Amino acid sequence: MTATSVRASVKRAAPAAPAAGRRRSPYSSWFYLPAAIVYGVLFAIPTFASFFFSLTRWSIFDWKFIGVDNFVTFFQEPALVKGLTNTLIYAVVTSGLKVVLGMLLGILLTSQIVARGYLRSVVFFPVLVSTIGVGLTFTVLMNPEKGLINDALGTLGIAGPGWLTDPKFALLSVALVDVWKGVGLATLIYIAGIVSIPAEYLEAARVDGASAWEVFRRIILPLARPATVTVILLSLIGGLRSFDLIWAMTRGGPGFTSDVIASVIYKQYQAGFYGLSTAGNVVLFVVVTAIVLPLSRFLNRKEVEL
Amino acid sequence: MKSCKVLAAAGIAALALAGCSAGSLGSSDDSGGKVSLSFLVDNTDGSTKPAEALAKDFTAKNPDIEVKVETRPGGSEGDNIIKTRLSTGDMTDVFLYNSGSLFQAIAPQQNLVPVSDQAYAGDLDQNFKTTVTAGGQVYGVPFGGVTAGAVLYNKKAFAKAGVQVPKTWADFMAGNAKLKAAGVTPVIQTYQDTWTSQLFVLGDFHNVVAADPAFAQDYTANKAKFATTPAALAGFQHLQEVHDAGYLNKDFASTKLDDGLKMLAEGTGAQYPMLSAVAGGMVANYPDAATNIGLFALPGTDAAKNGLTVWEPAGVYIPKSTTGEKLDAAKKFLAFIASTDGCAAQAKAYPPSGPIPVKGCALPADVPQATKDIEPYISTPGASSLALEFVSPVKGPALEQITVEVGSGIRKAAAGAALYDEDVKKQAQQLGLAGW
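Residues numbered from 1 in each chain as written. Chains lettered and ligands numbered in written order. Predicted model: local features only at pLDDT ≥ 70, side-chain atom pairs only at ≥ 80, totals over all residues.

1. Here's the deal with the overall build of chain A
Here comes step 1: When helices and strands are counted, chain A shows 15 helices and 2 strands.
Here comes step 2: Referenced to the eigenvectors of the C-alpha coordinate spread, the extents of chain A come out at roughly 75 × 70 × 30 Å.
Here comes step 3: Residue pairs at least 24 apart in sequence account for 71% of intrachain contacts in chain A once pairs closer than 6 positions are excluded. (Helix = DSSP H or I, 4+ residues; strand = E, 2+ residues; numbered from the N terminus. Contact = placed C-beta atoms within 7 Å.)

Take a look at the structure:
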């Protein structure tokens, strides 16, 4: 109850905020300086330096200005086209599954079930484990000949595929592990979103004789929209720049079949093509911005209309 | 509030600690005129064991110089560490690193101390010397023996199936058919360790040179390509052929080098294209392999021209950041490595992968059979060639991914070779070579 009243008061106060901000602040602007220095040194300067170095052939020992050649090379990189589509597939699959599973688990874990607190911690637990640890564990579990997963399927009479070694499955296998690891956070956001729905709506619906499905469709789904937006944005950004899990599990392999943009960039960096990999990072920056910025605008506008 | 104070205290403590370690870096050799050298090597047994042995024997001879061995990861990650530490002037006093194209990539003239004027320079094998030379100056001494990229084979499995050591690719494929009929996996491949997939291409280079002696020069000058030179393309085709014919172990995509060596030593697999450097470790785990595992060069088209592709050992170098009495000590240490005592110390600690390219250094009598099989090729004129990476600086970083794809049937040989030709372009441009 307290949570909702705080939310309500914040909302009411919000329109007044800009007007208050325009009044002269009693504090000197110099207070911005420490933050500005930290931001400048750690973010602004490196960002502009990387835009510059993406236009050079850079070998750490020296650099040479070559214009946009790096971008041309990068877009001719055969692994890149594959990496770009893989990145999109990976982001959409993980983001979609996290929304669906996170919402279902969120509803389940806000309903009156036995051992709810315990189950909530169980669902959240994978989020706490190191990504590399998860990756290595699942690499062992998914081994086609000796792994536990295919052994278990074998006892049921199913011949399991080479999860990480078959080009058809490698990327999706990693995506599923990503979902396993990340769904706890999505569930947490959904639990918070669902709990903050005022109980009066649910009571009123029940009095009017709404079925469980109608309660979900007409009340929970629309009113948990801020949670959905947060989950979609967070998991999409996470999916677009995902690297650690893929690197721990397949290293982009077999061959180039599970390469994503981030692993392509990392490989250029490893090979010593620093200018080229910096150009790749600029491309990644542009791609993520181009996808997430409009999407965020779109989703948030819808929220206001509600 | 209390937690704030604790946090602040921790922060101050961290600052104090950082201050301490920064200060003590400069004064690590304050123990009574004793010089301490740090020596960076990669973290494989084949490097750390001989390095420790060298350090120990060297200190026994020079009691006032102490050598501390430090380790780093191998592969591209190690390359990065070397480059970063060199460029920041933070390198150890001496370090171990590849010779050949990787050596050229660390800008030796800018970063390393030349050793051409040292007395031992004349004792180094000429082939090795060319791989650690830049701008007419020699920069390193050899660490370990030459390594062959060849086929390791199980002699018992060969005898059981009635197969002879092949000299041509046709013989090799015929032998594979016999081995398969005898119930043995003919060819072992282990694509979880992606680098192991490159041997069919890189180890075939002697056959390329035999067919086209000018290939390396033309390749460096951007005139010859893998995809358009039949002899060079053959390596990719061979990789595809053994996969398409079903001669690989069925779990090739999910196994690692160690699994492959186990299969070979236990005789479930008959042939494993591999670097001879693995023989030492294999014998430690499977004593039987000392006599049962032999080695032959990758077969080509012409039996008369068949020969071995060899890799020169890595070198030990002194960075320019080593100065003063440390530099004198480092020079002494390099002289020791390039002496017969140094060879003996290394060979005692770990079986060398092949002959050590220093005058007067002989292979110990108890090396594995696979290592002994290298010598006839080396001592016969024209029966061995340096690997491509020692005669041309052009080496693409994605070869191992491409060979995994070709060897797993994901990509065809011709397409793989063409893709590799594109891949090397970046390296050539990065090095600023003419004609790219």
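What follows picks up the thread again.
2. Some details on the overall build of chain B
Here comes step 1: The secondary structure content of chain B amounts to 22 helices and 13 strands.
Here comes step 2: For 436 residues, the compact-globule estimate of 2.2 N^0.38 gives 22 Å, and the C-alpha radius of gyration of chain B, at 24 Å, lies within 12% of that figure.
Here comes step 3: With the C-alpha coordinates aligned to their principal axes, the bounding extent of chain B is approximately 70 × 60 × 45 Å.
Here comes step 4: Pairs at least 24 residues apart make up 78% of the contacts formed inside chain B by residues separated by at least 6 positions. (Rg over C-alpha atoms; globule rule 2.2 N^0.38 Å.)

3. What about the interface of chain B and chain A?
Here comes step 1: Each side of the interface is counted separately: chain B has 26 residues, and chain A has 23 residues.
Here comes step 2: Taken together, the elements giving at least two residues each to the side of chain B that touches chain A come down to α3 (75-87), α21 (399-407) and α22 (413-430) of chain B.
Here comes step 3: Here the element with the most residues in the side of chain B that touches chain A is α3 of chain B; it accounts for 6 residues.
Here comes step 4: For the side of chain B that touches chain A, the class distribution of residues is 8 nonpolar, 10 polar and 8 charged. (Nonpolar A, V, L, I, M, F, W, Y, C, P; charged D, E, K, R; others polar.)

4. A word on the domain arrangement of chain B
Residue and element names in this part refer to chain B.
Here comes step 1: Taken domain by domain, chain B consists of domain 1 (32-145 + 313-349) and domain 2 (147-311 + 372-430).
Here comes step 2: Between domain 1 and domain 2, the C-alpha centre-to-centre distance is 30 Å.
Here comes step 3: Contact residues are listed per partner, giving 7 residues for domain 1 and 8 residues for domain 2.
Here comes step 4: Listing elements by their share of the side of domain 1 that touches domain 2, those giving two or more residues are α2 (45-61), α4 (101-104) and α6 (126-131).
Here comes step 5: Residues of the side of domain 1 that touches domain 2, tallied by class, amount to no nonpolar, 6 polar and 1 charged. (Domains from an automatic or database assignment.)

5. Here we look at the sheet that holds strand β2 (residues 65-72) of chain B
Residue and element names in this part refer to chain B.
Here comes step 1: In spatial order, the strands read β2-β1-β3-β12-β6; together these 5 strands make up an open sheet with mixed pairing. Each having just a single partner strand, β2 and β6 (141-143) make up the two edges of the open sheet. Strand-to-strand twist in this sheet, taken as the mean axis angle between neighbours without regard to direction, amounts to 25°.
Here comes step 2: In the sheet, strand β1 (residues 35-42) pairs with strand β3 (residues 94-97) via 2 bridges, with the strands oriented parallel. Each bridged residue has a counterpart across the sheet, and for F39 the counterpart in β3 is V94.
Here comes step 3: Set on the sheet, α2 makes contact with β1, β2 and β3; between it and β2 the angle comes to about 170°. (Pairing = 2+ DSSP bridges. Axes fitted to C-alpha atoms, helices over the stretch in contact; angles between N-to-C directions.)

6. Overview of the pairing of β3 of chain B
Residues and elements named next belong to chain B.
Here comes step 1: Going residue by residue along β3, you find V94 and L96 tucked away on one face and F95 and Y97 tucked away on the opposite face as well.
Here comes step 2: Pairing of β3 with strand β12 (residues 314-317) involves 3 bridges; the strand directions are antiparallel. When the bridges of β12 are listed, L96 appears paired with V316. (Buried ≥ 20, exposed ≤ 12 C-beta atoms within 10 Å, placed from the backbone.)

7. Some remarks on the pairing of strand β10 (residues 293-296) of chain B
Regular strands place side chains that alternate from one sheet face to the opposite one.
Residue and element names in this part refer to chain B.
Here comes step 1: Residues I293 and L295 of β10 are buried on one face, and the alternating residues G294 and F296, pointing to the opposite face, are buried as well.
Here comes step 2: Alignment of strand β7 (residues 147-154) against β10, held across 4 bridges, turns out to be antiparallel. Paired with Y153 across the strands is G294, a residue of β10.

8. What to know about the packing of helix α12 (residues 230-244) of chain B against α21 of chain B
Residue and element names in this part refer to chain B.
Here comes step 1: Interhelical geometry of α12 versus α21 gives an angle of 40° and a closest axis separation of 8 Å. For the element pair α12 / α21, the angle class is oblique. Across from F236, L239, Q240 and H243 in α12, the residues of α21 making contact are T403, V406 and G407.
Here comes step 2: Looking at the contact of α12 with α21, its residues break down into 3 nonpolar, 4 polar and no charged. (Parallel < 35°, antiparallel > 145°, perpendicular 65-115°, else oblique.)

9. Focus on helix α13 (residues 257-266) of chain B
All names here are of chain B.
Here comes step 1: When we look at burial in α13, the residues that qualify are D259, G260, L261, M263, L264 and A265.
Here comes step 2: Residues of α13 that are buried in the fold lie against β7, β8 (185-187), β9 (269-275), α14 (279-285), α15 (289-292) and β10.
Here comes step 3: Downstream of α13 by one or two residues, G267 has phi in the positive range, about 85°.

10. Observations concerning α12 of chain B
Residue and element names in this part refer to chain B.
Here comes step 1: Compared with the 21 Å implied by 1.5 Å per residue over 15 residues, the 20 Å span of α12 between its first and last C-alpha is a close match.
Here comes step 2: The sharpest bend along α12 reaches about 30° and sits at F236.
Here comes step 3: Along α12, the positions that sit buried rather than exposed are A232, L233, A234, G235, F236, Q237, H238, L239, Q240 and V242.
Here comes step 4: Phi turns positive one or two residues past the end of α12, at G246, with a value near 75°. (Expected span 1.5 Å × (residues − 1). Bend = angle between axes of the 7 residues up to and from the residue.)

11. Quick word on the confidence of the model for chain A
Residues and elements named next belong to chain A.
Here comes step 1: Looking at chain A, the pLDDT average stands at 84 and 91% of residues meet or exceed 70.
Here comes step 2: No element of chain A has a lower mean pLDDT than helix α1 (residues 2-13), which averages 43, and none a higher one than helix α9 (residues 170-195), which averages 93.
Here comes step 3: Scored below 50 in pLDDT, residues 1-20 shows 4 contacts in the model against residues more than four places distant or in partner chains. (pLDDT = per-residue confidence, 0-100.)

12. What to know about the confidence of the model for chain B
Residue and element names in this part refer to chain B.
Here comes step 1: Within chain B, residue pLDDT values average 87, and 92% of them lie at 70 or more.
Here comes step 2: Per-element confidence in chain B is highest for β3, whose mean pLDDT is 95, and lowest for helix α1 (residues 2-25), whose mean pLDDT is 41.
Here comes step 3: Counting contacts from residues 1-31, a segment whose pLDDT is below 50, to residues more than four positions away or on other chains yields 4 contacts.
Here comes step 4: Confidence estimates for the predicted assembly give a pTM of 0.77 and an ipTM of 0.74.

13. Re the environment of K256 of chain B
Residue and element names in this part refer to chain B.
Here comes step 1: Summarising the element assignment, K256 is placed in the loop between α12 and α13.
Here comes step 2: For K256, a count of 13 C-beta atoms within 10 Å gives the class partly exposed.
Here comes step 3: In sequence terms K256 and T196 are 60 residues apart; their C-alpha atoms lie 8.6 Å from each other.
Here comes step 4: Those residues in contact with K256, other than ones at most four positions away along the chain, are T190, Q192 and D193.

14. Overview of unusual backbone geometry
Here comes step 1: At R251 of chain A, a position not held by glycine, the phi torsion is positive, near 55°.
Here comes step 2: According to the C-beta neighbour criterion, R251 of chain A is partly exposed, with 17 such atoms within 10 Å.

15. Looking at the environment of R301 of chain A
Here comes step 1: Along the chain, R301 of chain A falls in helix α15 (residues 274-305).
Here comes step 2: Along the chain, R301 of chain A and L172 of chain A lie 129 residues apart, while their C-alpha atoms are 32 Å from each other.

16. Concerning the packing of helix α5 (residues 78-110) of chain A against helix α12 (residues 225-240) of chain A
All names here are of chain A.
Here comes step 1: Taken N-terminus to C-terminus, the directions of α5 and α12 make an angle of 150°; their axes are 8 Å apart at the nearest point. Classified by the interaxial angle, the pair formed by α5 and α12 is roughly antiparallel. In this structure, α5 meets α12 at a crossing whose hand is right-handed. Between α5, through T87, Y90, A91, T94, S95, K98, V99 and G102, and α12, the contact on the second element is made entirely by T228, V231, I232, S235, L236, G239 and L240.
Here comes step 2: Residues belonging to the contact of α5 with α12 are distributed by class as follows: 7 nonpolar, 7 polar and 1 charged. (Left-handed = near helix turned anticlockwise from the far one by under 90°.)

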